[in-house]
Amino acid sequence: MISKLQLQDLDLKGKKVLVRVDFNVPLTKEGSIADDARIKESLPTIQYILKSGGSAILMSHLGRPKGAPDPHFSLAPCAKALSKLLGIPVQIAPDCIGQKVEKMAQDLQPGQVLLLENVRFYPAEENPSLDPTFAKKLASLGDIYVNDAFATAHRIHSSTAVIAQYFPGKSAAGFLMLKEVNFLSSLLNPKHPFYIIIGGAKISSKIGVLKSLLSKADGIFIGGGMAFTFFLAQGIKIGNSIHEDDQIPVAAQFLKECSEKNIPCWLPKDVIIANDFSDEAQSKCILASQGIPEGWQGMDIGPQTIEKWSSSLKDAATVFWNGPLGVSEFSHFATGTEKIAKALSSLKAMTVVGGGDSVAAIHHLNLASPFSHLSTGGGASLEFIEHGHLPGIDALK
Ligand code: 3PG
């Protein structure tokens with residue numbers, strides 16, 4: 001629980017409430033929104049502000065536009081999507097600071113919503129020290145500041161951690177931020193058995209969270225691209241599979257710690273391998289103990305692994321899952337991720353999932369409702385579990 005001011009503690013009537021949301025949504029090649037989950041999750045905060053007699057000035061980033069305006073990363077499609085969800089017009093500003101924007105903010109009436117253009121069109125968003133006046137200019141648009149962008153709360157950016165200083169006694173966490181913190185905090189004192197399923201390509205980005213949860217876990221399942229670095233640490237050949245050479249000792253040390261602490265660490269028993277990194281590649285299933293031949297690469301966990309993991313998860317009281325277990329963006333290699341998602345959806349346990357690809361697989365299968373919590377944050381959820389706090393939350397004094 002965040003022991004800070006909450007939205008309900010603030011008088012929002014007639015106030016312009018500046019809300020940092022995370023509308024960094026995945027886009028299709030044609031530029032339309034592929035998954036609007038992050039926009040939907042921001043609705044309770046926005047609706048509460050409007051219902052309380054305030055107006056909402058929303059700011060967000062989208063993608064990584066390198067500090068300059070880029071129409072590919074315009075938030076205009078998000079304004080449209082939000083307008084549809086709220087059932088009222090949502091204005092999109094041509095910029096996030098400047099005279100035109102100031103006028104639009106001034107003219108905003110209670111019950112109205114204005115979405116500012118992408119804050120990352122300015123380099124000072126990601127590097128606040130480049131221009132300390134950037135955060136101040138953003139701050140001048142609102143009377144109250146609310147941070148509801150959990151997925152960006154691990155970044156020390158102008159619109160997240162820096163801006164809050166301009167709102168002493170007038171800043172609060174939004175409802176999404178609170179919900180994320182409550183669910184993810186419960187993993188720090190989990191009900192047992194507690195299992196962790198980790199996938200994705202890189203050990204380097206997940207080892208922190210693995211280590212921090214190690215003493216609390218009753219079993220760890222490792223899939224995805226990172227499993228191949230663990231294979232190398234065990235002397236298993238991986239052919240052309242993705243791996244991180246410099247993480248082999250880290251993987252070996254982690255396996256050693258698991259065995260010393262008597263915590264089962266499951267690596268894939270069998271693997272679907274392919275002769276190319278493509279959805280159309282020739283593929284076959286092999287036992288991991290055979291090793292992956294040269295010219296072939298691991299693409300997914302195999303059927304024996306799926307069966308074994310699904311049955312081992314059955315007695316879970318708590319599960320945390322982060323990262324796809326195969327190349328889930330290719331339909332032929334999404335089976336492991338999808339079958340484990342299905343297995344988790346049938347558990348009576350508390351199930352918490354973080355990370356874009358694993359959550360996307362759950363949405364794709366229309367399985368969201370049985371899960372306890374689908375985090376909107378990838379990196380943020382991992383860093384929150386690892387450190388127990390995030391700069392964007394700490395800044396809300
Ligand atoms: C995310 O999608 O993880 C957040 O929106 C943060 O984006 P970033 O990794 O580009 O900072």
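Residues numbered from 1 in each chain as written. Predicted model: local features only at pLDDT ≥ 70, side-chain atom pairs only at ≥ 80, totals over all residues. Heavy atoms only, no water.

Any chance you could break down the domain arrangement of the chain for me, citing the residues and the numbers?
The domain architecture assigned to the chain consists of domain 1 (7-178) and domain 2 (187-386). Between the C-alpha centres of domain 1 and domain 2 there is a distance of 34 Å. Each partner contributes residues to the interface: domain 1 has 8 residues there, and domain 2 has 9 residues. Both sides together, the interface formed by domain 1 and domain 2 hides about 710 Å², and carbon and sulfur atoms give 65% of it. When the buried surface of domain 1 facing domain 2 is broken down by residue, Arg38, Phe150 and His154 rank first, second and third, together holding 61% of it. Taken together, the connections running from domain 1 to domain 2 amount to 0 salt bridges. In this structure, the connection of domain 1 to domain 2 is made through 1 residue pair in polar contact (both at pLDDT 80 or more). (Domains from an automatic or database assignment. Contact = heavy atoms within 4.5 Å. Buried area = accessible area lost by both parts, 1.4 Å probe. Salt bridge = Lys/Arg side-chain N within 4 Å of Asp/Glu carboxyl O. Polar contact = N/O pair within 3.5 Å; in protein donor to acceptor, adjacent residues only side chain to side chain.)

Break down the packing of helix α8 (residues 175-186) against helix α15 (residues 379-387) for me, with residues and values.
Orientation of α8 relative to α15, taken along the N-to-C sense of each, is 50°, at an axis distance of 10 Å. By the angle between their directions, the pair α8 and α15 is classed as oblique. Along this stretch, α8 crosses α15, giving a crossing that reads as right-handed. In contact with Val181, Leu184 and Ser185 of α8, α15 contributes Ser381, Phe384 and Ile385. Here the contact of α8 with α15 is built from residues that sort into 4 nonpolar, 2 polar and no charged. (Axes fitted to C-alpha atoms, helices over the stretch in contact; angles between N-to-C directions. Helix = DSSP H or I, 4+ residues; strand = E, 2+ residues; numbered from the N terminus. Parallel < 35°, antiparallel > 145°, perpendicular 65-115°, else oblique. Left-handed = near helix turned anticlockwise from the far one by under 90°. Nonpolar A, V, L, I, M, F, W, Y, C, P; charged D, E, K, R; others polar.)

Give me the lowdown on the pairing of strand β2 (residues 55-59), citing residues and values where you can.
Counting buried residues in β2 gives 5 out of 5 residues, a clear majority hidden from the surface. Of the two faces of β2, the one carrying Ser55, Ile57 and Met59 and the one carrying Ala56 and Leu58 are both buried. Direction of pairing for strand β1 (residues 16-20) relative to β2: parallel, over a ladder of 5 bridges. Across the sheet, residue lysine 16 finds its bridge partner in β2, namely serine 55. Sheet topology places β2 next to strand β4 (residues 113-115); 3 bridges connect them, and they run parallel. Bridging across to β4, leucine 58 finds its partner in leucine 115. (Buried < 20%, exposed > 50% of the residue type's maximum accessible area, 1.4 Å probe, protein only. Pairing = 2+ DSSP bridges.)

I'd like to hear about the state of the cysteines, residue by residue, with values.
Per the counting criterion, the structure on display carries 0 disulfides. A disulfide-free cysteine, cysteine 285 has its sulfur positioned 20 Å from the sulfur of cysteine 265, the nearest such atom. (Disulfide = S-S within 2.5 Å.)

Residues and numbers for the pairing of β1, please.
The element β1 is largely enclosed, with a buried count of 5 among its 5 residues. Neither face of β1 is left uncovered, since the one carrying Lys16, Leu18 and Arg20 and the one carrying Val17 and Val19 both have all their residues buried.

Any chance you could break down the site of the ligand for me, citing the residues and the numbers?
If you check the shell around the ligand, you find Asp22, Asn24, Arg38, His61, Arg64, Arg120, Ala151, Thr152 and Arg155 and nothing else. For the ligand, an oxygen atom lies 2.7 Å from a polar atom in the side chain of aspartate 22. In this structure, asparagine 24 approaches the ligand through a side-chain N or O atom, which is 2.9 Å from an oxygen atom. Split into classes, the residues belonging to the shell around the ligand amount to 1 nonpolar, 3 polar and 5 charged. (Near = heavy atom within 4 Å.)

So what's going on with the environment of isoleucine 222? Residues and values would help.
On the secondary structure map, isoleucine 222 appears in strand β8 (residues 219-222). Classification of isoleucine 222 by relative accessible area gives buried; the value is 0%. For isoleucine 222, the contacting residues outside a window of four places in its chain are Ile198, Ala227, Phe230, Phe254, Cys265, Trp266, Leu267, Pro268 and Trp309.

Talk me through unusual backbone geometry; I want residue IDs and the actual numbers.
The linkage connecting histidine 192 with the following residue, proline 193, adopts the cis geometry, with an omega of 0°. Phi at asparagine 262 takes a positive value of approximately 65°, unusual for a residue other than glycine. Structurally, asparagine 262 is set in the loop between α11 (248-260) and β9 (265-266). In this structure asparagine 262 comes out as exposed when scored by relative accessible area, which is 69%. Phi angles above zero are rare outside glycine, and asparagine 366 is one such case at about 55°. Following the sequence through the fold, asparagine 366 ends up in the loop between α14 (356-364) and β15 (373-374). Here asparagine 366 falls in the exposed class, since its relative accessible area comes to 71%.

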